[in-house]
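Geometric and topological summary
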Amino acid sequence: MIALRFAWRSLVRQPARALLGVLGVAAVGALLFDMLMLSDGLVVSMRDMLERTGFDIRITASGDLRRAGDRMHDTDATLAALRRLPQLGTVLAIRFVEAETDGPAGPMAMTLEGVQGDARPWTVLAGRDPAGDGEVVVSRALADALRLEPGGALTVRARCAASNQVLPPARLRVVGIAEFPFELVGDPTAGAAMPTLDAACASRTDEADIILASALGEVDATAAAVRAAQPRLNVATNEQVLGRLQRNGFTYFRQISAVLSAVTVGFALLLITVLLTVSVNQRLGEIAALRALGFSRRRVVADVLCESILIVGLGGLVSLPLGAALARGLDGILKTMPGIPGQMNFFVLEPATLGLHAGLLALTALAAALYPMQVVARLPIAATLRAEVLS
Amino acid sequence: MRLAVLAILAILAGLPAAAVAQTSELPTVLVSRQAAEALGLSIGAVVQVAPPDGSRARDFRVAGIYEPTPDPSRLGNAIHAVRLHLPDLLALTTPPDAPKGAESVDAINVRLTPGTDALAFSRDVNARLPGLSARPTTDAGAAAGPFRVLERFHLAIAIVTILASTVFLIALTVMLVDERRETVGVLRLIGLPTSRVLAQVLLEGVLVASVGSAFGLALAVVSEGVINRFFQWRYDTALLFVQVTPSVAVTCVLIAIPLGVSATVVASWLLLRRNALRLARR
């Protein structure tokens, strides 16, 4: 405690130098904090989104993510077969169709989502769920872009069979504004019952991109039962979807976060070591005098360590709000990436992240103090004092 | 027009390795390196290729193994693909009962003669052939979208790193200059004007910053190879992840040297403003 107070006085004696050291650690610590949040942020955010939808099992034709793979055929029969499984609760089939509408600055691309089943994959924020033919709910992004309100009209031209196909316009009635958890950035969505989508496509195809199901019991066992009942379809639990994304889709951010975390810690280590070493070298005479007055070797070494802890500790504390603000800015940049659900966050704070951040900074403080501590511990008292007097 | 088209292979998995009969009359295919490695294929091997439904499988001889063009949008996915001559692919994929002329292709790549305006050519094609969409290859903005975002992200990280480095640099220069306080004091006392001492410090700053920049660039060039090799191994791709281009090197030097020199001069100026006697501790 006394060593800590002594180290504090050493820092306060040269406030500009101490402040710069703390600010430097704060900036580096903020970057480290962000990289740690980025490391698992996408997975945590995706898990949260998957769990919020209330479905445990995702059934597709090819195991690919939305729109990337083949469509399932015979949706009516598949849904009926799935409903017969006692392990399943709600079952919902969804088909996504690219469409365009007239935006304020010309044609605007959007997605029309048709659903068939026991639940809805969206949450109504205003108005009500579509009940009849020609009724849709629109996302907040679409409502804002077209200034739509419940009761308004939405004209869409769907591309149902191919991306270059444009069907005659279909006029739909907006009955609500809803939150679509997986709405992509730059791709506003409208949702309707499957017959409405079929009408917009001018044909009934009995196809679906994905079937979502909730399990009444243990999820893995339920998924196995679905696999047994539908061997030609790809069945994945939320955990399996996350695992696949962790292996492929999100690895880049994990790798970049690992590389930048290592670089950041190395950078902080190098610079704090240099700061402390130069600081100690400037005070060698003073330290030798303290030793001559009776300060033990352990005590002066503890002073250097405490000085490192104070610089890194204060910098680390400042780095938390700084890192949070920086994460908001970086998240804003990354969220403009096309094909990313708008509600997904790249930087997510978890208790473990705070612990890891504190642990890494503590290790940095300790490692950075090692060399200057060694200098102080091996200081020849008489020779240093003599050199000090002669200079 | 390129006669070979890329076909995503749906049936390579599970092929019998025994289907290796050296038959020179067979039509030929190129197999991607990843597919060849996964299936243990070599040049001259015979493979069966079929549409996704498994019907109408035909034997082909592997004429070569190619490295797929690095595609950032397919990062993390092993590219298991074969390249067939277009007539062979059409024969495989067109249903037998399809009327003549029903064959379709996804895209036609056109190489223009040197000096031809690609934009004007694409406009001309769009006007003459309604229903087709022609675009210059430089207009691949949509595909590059995610990488533009990543570029902005990396730029933001670089700015934060520069800010942190600047703070540390100023702290270090303040300490280093302070260490030379007595020397500077003596120089002032023997008659050197402040501007002369400052000029000396400036030259030192330029020298140190230049050497530091050169060292940093050398480190970047060395780490470039290490990082690329690691990520190429990790993602099984020939994509370049880090590239120290001349413009990147020049940008780094243009930031590093003025920053280093400014930090040295600012720290020295703060010291030189003090009284010479105080500096010399006399």
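Bear in mind the structure is a predicted one, so any value in this text is a computation, not a measurement.

For chain A, the count of helices and strands is 12 helices and 10 strands. Taking 21 Å as the expected radius of gyration for a compact globule of 391 residues, we find that chain A reaches 31 Å, considerably beyond that expectation. Every one of the 391 residues in chain A was classed for burial, and the buried ones make up 41%. Looking at chain A alone, contacts between residues at least 24 apart form 82% of all its contacts between residues at least 6 apart.

A few words on the overall build of chain B. Each helix and strand in chain B was counted, giving 8 helices and 5 strands. Sequence-ordered secondary structure for chain B, helices as α and strands as β, is β-β-α-β-β-β-α-α-α-α-α-α-α. For chain B, the proportion of its 282 residues judged to be buried stands at 19%. Restricting to contacts in chain B with at least 6 residues of sequence separation, those with at least 24 account for 73%.

A word on the environment of Arg-232 of chain A. Position of Arg-232 of chain A among the secondary structure elements: in the loop between helix H6 (219-229) and strand E10 (234-237). For the pair Arg-232 of chain A and Thr-60 of chain A, spaced 172 residues apart in the sequence, the C-alpha separation amounts to 9.6 Å.

Further remarks concern the domain arrangement of chain A. Residues and elements named next belong to chain A. Domain annotation for chain A reports domain 1 (2-49 + 249-390) and domain 2 (62-232). Facing the 10 residues of domain 1 at the interface are 6 residues of domain 2. Residues belonging to the side of domain 1 that touches domain 2 are distributed by class as follows: 5 nonpolar, 4 polar and 1 charged.

Here we come to the confidence of the model for chain B. Residue and element names in this part refer to chain B. Averaged over all residues, the pLDDT of chain B is 79; the fraction at 70 or higher stands at 84%. Per-element mean pLDDT across chain B ranges from 37 in strand E1 (residues 4-8) up to 92 in strand E2 (residues 28-32). Scored as a complex, the prediction yields pTM 0.71 and ipTM 0.70.

It is worth spelling out the interface of chain B and chain A at this point. At the junction of the two partners, chain B supplies 25 residues and chain A supplies 29 residues. Within the residue set of the side of chain B that touches chain A, elements represented by two or more residues are helix H4 (141-179) and helix H6 (194-235) of chain B. Ranked by the residues each element gives to the side of chain B that touches chain A, the list is headed by H4 of chain B, at 20 residues. Here the side of chain B that touches chain A is composed, by residue class, of 18 nonpolar, 4 polar and 3 charged.

This paragraph deals with the nonpolar core. One finds Ala-27 and Ile-272 of chain A together with Ala-171 of chain B to be the most contacted residues of the largest nonpolar core, which totals 71 residues. Elements with a contribution of two residues or more to this core: helix H2 (15-52), helix H8 (251-282), helix H9 (284-293), helix H10 (297-334) and helix H11 (351-377) of chain A together with H4 and helix H7 (246-272) of chain B. It is H2 of chain A that provides the largest number of residues to this core, a total of 19 residues. Excluding residues that lie within four positions of it along the chain, Ala-171 of chain B makes contacts with Arg-17, Leu-20, Gly-21, Gly-24 and Leu-275 of chain A.

Residue and element names in this part refer to chain A. As for its position among the elements, Trp-122 is in the loop between strand E3 (106-117) and strand E4 (123-127). In this structure Trp-122 comes out as buried when scored by C-beta crowding, with 24 C-beta atoms within 10 Å. Residues Trp-122 and Val-138, 16 residues apart in the sequence, show an inter-C-alpha distance of 9.8 Å. Residue contacts for Trp-122: discarding those within four places in its chain leaves Val-137, Ala-178, Glu-179, Phe-180 and Gly-191.

Attention shifts here to the packing of H2 of chain A against H11 of chain A. What describes two packed helices is the angle between their axes and the distance between those same axes. All names here are of chain A. Direction vectors running N to C along H2 and H11 enclose 140°, while the axes themselves pass 10 Å from each other. Between H2 and H11, the crossing angle belongs to the class labelled oblique. Our pair here, H2 against H11, has a crossing hand that is right-handed. Residues Gly-29, Leu-32, Phe-33, Leu-36 and Met-37 of H2 touch H11, and the partners they reach there are Thr-353, Leu-356, His-357, Leu-360 and Leu-361. Tallied by class, residues from the contact of H2 with H11 come to 7 nonpolar, 3 polar and no charged.

Residue and element names in this part refer to chain A. Unusually for a residue other than glycine, Asp-74 sits at a positive phi of about 50°. Its location among the elements puts Asp-74 in the loop between strand E1 (57-60) and helix H3 (75-83). A positive phi angle is found at Asp-206, which is not glycine, with a value near 55°. Secondary-structure assignment places Asp-206 in the loop between helix H5 (194-201) and strand E9 (210-215).

Our focus in this paragraph is the packing of H6 of chain B against H7 of chain B. Residue and element names in this part refer to chain B. Axis separation between H6 and H7 bottoms out at 8 Å; the angle between their running directions is 150°. Between H6 and H7, the interaxial angle falls into the category roughly antiparallel. The element H6 and its partner H7 pack so that their crossing is right-handed. Among the residues making up the contact of H6 with H7, the classes are represented as 17 nonpolar, 9 polar and 1 charged.

Now for the environment of Val-241 of chain A. All names here are of chain A. Along the chain, the position of Val-241 falls in helix H7 (residues 238-247). Separated by 113 residues in the primary sequence, Val-241 and Leu-354 place their C-alpha atoms 27 Å from one another. When near neighbours in sequence (up to four residues on either side) are disregarded, Val-241 contacts Leu-50, Arg-58 and Ala-236.

Scoring rules and cut-offs
- Residues numbered from 1 in each chain as written.
- Chains lettered and ligands numbered in written order.
- Predicted model: local features only at pLDDT ≥ 70, side-chain atom pairs only at ≥ 80, totals over all residues.
- Helix = DSSP H or I, 4+ residues; strand = E, 2+ residues; numbered from the N terminus.
- Rg over C-alpha atoms; globule rule 2.2 N^0.38 Å.
- Buried ≥ 20, exposed ≤ 12 C-beta atoms within 10 Å, placed from the backbone.
- Contact = placed C-beta atoms within 7 Å.
- Domains from an automatic or database assignment.
- Nonpolar A, V, L, I, M, F, W, Y, C, P; charged D, E, K, R; others polar.
- pLDDT = per-residue confidence, 0-100.
- Core = buried A, V, L, I, M, F, W, Y, C linked by C-beta atoms within 7 Å.
- Axes fitted to C-alpha atoms, helices over the stretch in contact; angles between N-to-C directions.
- Parallel < 35°, antiparallel > 145°, perpendicular 65-115°, else oblique.
- Left-handed = near helix turned anticlockwise from the far one by under 90°.

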